[in-house]
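Summary of the model geometry
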Amino acid sequence: LIMLAITFSPRLRSPMYFFLKILSFSELVLISSTVPKALNSFLWVGRTISFSGCATQFFFFIAAAGCECFVLTVMAYDRYMAICHPLRYTSVMTVSFCYQVTFCIFVFATVNGMIEIILIYRLPYCRSHLIAHFFCDIPRMMNIACANTFNAQVYLLTLTLSVFMVPSILIFCSYIKILISIFLLRSTESRHKAFVTCGSHLVSVIFYSGTCMLVHLRLDNPFSSYEDRMLALSYCVIIPTINPLIYSLKNNEMKEAIRKLHLKIVLFKLDLL
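Residues numbered from 1 in each chain as written. Predicted model: local features only at pLDDT ≥ 70, side-chain atom pairs only at ≥ 80, totals over all residues. Heavy atoms only, no water.

Attention shifts here to the overall build of the chain. Within the chain one finds 10 helices and zero strands. Moving toward the C terminus, one meets the helices and strands of the chain in the order α-α-α-α-α-α-α-α-α-α. Of the contacts made within the chain by residues no fewer than 6 positions apart, 72% connect residues no fewer than 24 positions apart. For the chain, the exposed area adds up to about 15,000 Å²; of that, 70% sits on carbon and sulfur atoms. (Helix = DSSP H or I, 4+ residues; strand = E, 2+ residues; numbered from the N terminus. Contact = heavy atoms within 4.5 Å. Areas by Shrake-Rupley, 256 points an atom, 1.4 Å probe, with all protein chains shown as cover.)

Here the chain shows a mean pLDDT of 81. Residues at 70 or above account for 87%. Taking the mean pLDDT of every element in the chain, the minimum, 69, falls on helix α8 (residues 188-216) and the maximum, 91, on helix α4 (residues 89-92). (pLDDT = per-residue confidence, 0-100.)

With respect to the element layout, L20 can be found in helix α2 (residues 15-43). A C-alpha to C-alpha distance of 8.8 Å links L20 and L72, two positions 52 residues apart in sequence.

Glancing now at the UniProt feature "transmembrane region" (unreviewed entry) in the chain. According to UniProt, the "transmembrane region" (unreviewed entry) feature falls on residues 16-35, 55-77, 97-121, 164-185, 194-217 and 229-249. Secondary structure across residues 16-35 comprises 100% helix and 0% strand; the distance between its end C-alpha atoms is 28 Å. In residues 97-121, the share of helix is 100% and the share of strand is 0%. The end C-alpha atoms are 36 Å apart. (UniProt positions renumbered as here; feature names shortened; annotations may be inferred.)

Here helix α7 (residues 150-184) is 35 residues long and its end C-alpha atoms lie 49 Å apart, about the 51 Å a rise of 1.5 Å per residue gives. The sharpest bend along α7 comes to roughly 35°, located at L161. (Expected span 1.5 Å × (residues − 1). Bend = angle between axes of the 7 residues up to and from the residue.)

This paragraph deals with the environment of F207. Within the secondary structure, F207 is located in helix α8. Note on F207: relative accessible area 53%, which makes it exposed. Note: C-alpha distance between F207 and Y235 (28 residues apart in sequence) is 7.8 Å. (Buried < 20%, exposed > 50% of the residue type's maximum accessible area, 1.4 Å probe, protein only.)

Okay, the nonpolar core next. Of all hydrophobic cores here, the largest spans 71 residues; its most connected members are F19, I120, Y121 and Y208. Per-element accounting of this core gives the leading share, 18 residues, to helix α3 (residues 51-84). (Core = buried A, V, L, I, M, F, W, Y, C linked by side-chain atoms within 4.5 Å.)

The N-to-C vectors of helix α5 (residues 95-121) and α7 enclose an angle of 165°; their axes lie 10 Å apart at closest approach. It follows from the interaxial angle that α5 and α7 lie roughly antiparallel. Every pair of crossing elements has a handedness; the one defined by α5 and α7 is left-handed. Within the contact between the two elements, α5 uses F108, N112, I115, E116, L119 and I120 and α7 uses A152, Y155, L156, L159, S162 and V163. Grouping the amino acids of the contact of α5 with α7 by side-chain chemistry returns nine nonpolar, two polar and one charged. (Axes fitted to C-alpha atoms, helices over the stretch in contact; angles between N-to-C directions. Parallel < 35°, antiparallel > 145°, perpendicular 65-115°, else oblique. Left-handed = near helix turned anticlockwise from the far one by under 90°. Nonpolar A, V, L, I, M, F, W, Y, C, P; charged D, E, K, R; others polar.)

Our focus in this paragraph is the pattern of salt bridges. Following the criterion strictly, the structure yields three salt bridges and no others. The residue E253 makes a salt bridge to R11 at a minimum N-O spacing of 4.0 Å. Taken together, the residues span a long stretch of sequence, with E253 in helix α10 (residues 252-272) and R11 in the loop between α1 (2-8) and α2 at a distance of 242 residues. Accessibility expressed as a relative area gives 35% for E253, which makes it partly exposed. Between R79 and D78 there is a salt bridge, with its nearest N and O atoms 2.7 Å apart. Across the pair, exposure class does not vary: R79 and D78 are buried alike. (Salt bridge = Lys/Arg side-chain N within 4 Å of Asp/Glu carboxyl O.)

Here it is in structure tokens:
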């Protein structure tokens, strides 16, 4: 709904909504790569996945997760330019800039997913192939490998730092400057609008990046499989489900665009009848 509303609404043509559409797409891919198979395992007896299926699931999950991290970073930069440098905003956040950044994000996310697949799936798996998880996650795949995985873990740790830690640092630096600029505003209404605009984004970043880093930024695995599954459930299912609600229900322009989209759908159905 968010992607369709932004696409067909002439009022939602700003960079913020453009990147919100990209974020919605990446979350749709992320949640679709894990939830359908998990539901199939929970509801039916067959709880197996092929080796190629596991690799495919892992690739789309990692690519979508990396894409989401960098899109959240660009959205923080967009808010930083809009609040801290409003006179330069239109000259920096141009249409060509948005498309170029999006292209770079997709390329980097795809390359990162391919590298992590090569590092994980070139390991020998000669022991039990039972994974105590609802999808093919990195720590669980490491646990069933029958070779020394230290080098692979170091490489994966480096990649994870570049995908999760670096964007998180950039986001928090942006928001520190944004908060300073907000406190300097004289108008109470302007402060409230800035807090509403940025608050939902910051909450989403904290929960998503925090749980991802807690699971993946470690060489050993001090958590039990149950704790790992609960943490993974938050960034695989809960946060991608909550994010659209946060960005749409707290935004009057988005609610109006969705209402008009719903009206168009109803009128189209009536025309068919």
